Amino acid sequence: TTPYFELRRLEIVGLLRLTEQEVRSFAGLDRPVQLITLDLSRVERQLKGQPWVLDARVERFLPDRLVVHVTERKPAALLLLDGFQLVDQNGHVFLRSNGQGDERLPVITGLTSADFAADEVGTEVRIRQALAVLREWERQKLPKAANLSEVHLDPVLGLVLYTEEAGTRIQLGWSDHAQRLARL
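Counting restarts for each chain, with residues numbered from 1 along the sequence as it is written. Where local features are concerned, this predicted model is filtered to residues with pLDDT of at least 70; where side-chain atom pairs are given and counted, the filter is 80 or more; whole-chain, interface and lining totals use all residues. With hydrogens and water stripped out, all remaining heavy atoms of the structure feed into the side-chain values.

**Q** Please give an account of the pattern of salt bridges that cites residues and values.
**A** Just to be clear on terms, a salt bridge is a Lys or Arg side-chain nitrogen sitting within 4 Å of an Asp or Glu carboxyl oxygen. Scanning the model with the defined rule gives nine salt bridges in all. Lysine 48 is paired through a salt bridge with aspartate 55; the nearest N and O atoms lie 3.5 Å apart. On the basis of relative accessible area, lysine 48 is assigned to the partly exposed category, the value being 40%. Residues participating in the shared-partner salt-bridge network are Arg8, Arg9 and Asp64. Exposure is judged per residue with a 1.4 Å probe applied to protein chains only, and the accessible area is read against the type maximum: over 50% gives exposed, under 20% gives buried, and values in between give partly exposed.

Right under this line is the structure:
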């Protein structure tokens, strides 16, 4: 080991919720590190293994600089499943919600742990359908019914929406969501 290649300058880019200290700890960069022998792939894998991290890329600049690019997951909804779980834009359930700052997210209901156990892929498809309806609601800027508070996945009725203010129920079914929303 030589002091010449010791990490002295660490840049962490892209943080929204995570702190620099958390990233340092997750990546094993919270102790002296020799850049010349640092396994960048391992650091990236360690970071990607954290729930909030969607992607990570690490760049080495010898003799003493490392840049860590982090892309964090953005919560798109809460899934009511054995408590509230955070769901990202891709429909990936990634973390149990601690309730801090997530209360304004719409809630996806109607799924159970048994649904995931029986058909994980099919259940994830249903979650993505719910998210697609939420995006379409925003895209169409439906002011008549205000914000959505819940998307219920009913095995018989399909997607059932509930508005935030009045609790209005909007039954969409399993198909033609954009066209049905346009008729509101």
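**Q** Kindly report on the side chain of threonine 109, identifying the contributing residues and their values.
**A** Strands here mean DSSP runs of E at least two residues long; helices mean DSSP runs of H or I at least four residues long; both are numbered from the N terminus. Within the element layout of this structure, threonine 109 appears in strand E7 (residues 107–109). A residue is classified by how much of its surface remains accessible, and threonine 109, at 10% relative accessible area, is buried. The term polar contact refers here to a pair of N or O atoms within 3.5 Å; inside protein, the definition further demands a hydrogen-donor-capable atom paired with an acceptor-capable atom, and it admits residues adjacent in sequence only when both atoms are side-chain atoms. Among the polar contacts listed, one links the side chain of threonine 109 to the side chain of histidine 152, at a separation of 2.7 Å. Setting aside residues up to four positions removed in sequence, threonine 109 forms contacts with Leu80, Glu150, Val151, His152 and Leu153. Contact definition: two residues touch when any of their heavy atoms are within 4.5 Å.

**Q** Explain the pairing of strand E6 (residues 93–96) residue by residue, including any values.
**A** Any two strands with at least two DSSP-identified bridges between them are counted as paired. When strand E5 (residues 84–88) meets E6, the two strands line up antiparallel, connected through three bridges. The residue bridging leucine 86 from the neighbouring strand is leucine 95, located in E6. Here E5 hands over to E6 after four residues, with glycine 91 in that stretch at a positive phi of 85°.

**Q** Explain the nonpolar core to me, using residue names and the numbers behind them.
**A** Here, nonpolar core refers to any group of buried Ala, Val, Leu, Ile, Met, Phe, Trp, Tyr and Cys residues whose side-chain atoms link them within 4.5 Å. Ranked by internal contacts, the top residues of the largest apolar core, which has 25 residues, are Leu29, Leu38, Leu47, Leu66 and Val68. Listed by contribution, the elements that provide at least two residues to this core are strand E1 (9–13), helix H1 (20–27), helix H2 (40–48), strand E2 (53–61) and strand E3 (65–72). Aside from chain neighbours lying at most four places away, what touches leucine 66 is Leu7, Arg9, Leu10, Glu11, Leu29, Leu35, Leu38, Leu40, Val58, Glu59 and Arg60. Leu81, Leu111, Leu148 and Leu172 belong to the second-largest nonpolar core, a separate cluster that totals 21 residues.

**Q** I'd love a proper account of the environment of glutamate 59, names of residues and values included.
**A** Relative to the assigned elements, glutamate 59 resides in strand E2. With 35 residues separating them in the primary sequence, glutamate 59 and arginine 24 have C-alpha atoms 15 Å apart. Polar contacts involving the side chain of glutamate 59 include one to the side chain of histidine 69, which spans 2.7 Å.

Purely geometric stuff here, so don't read any function into it on its own.
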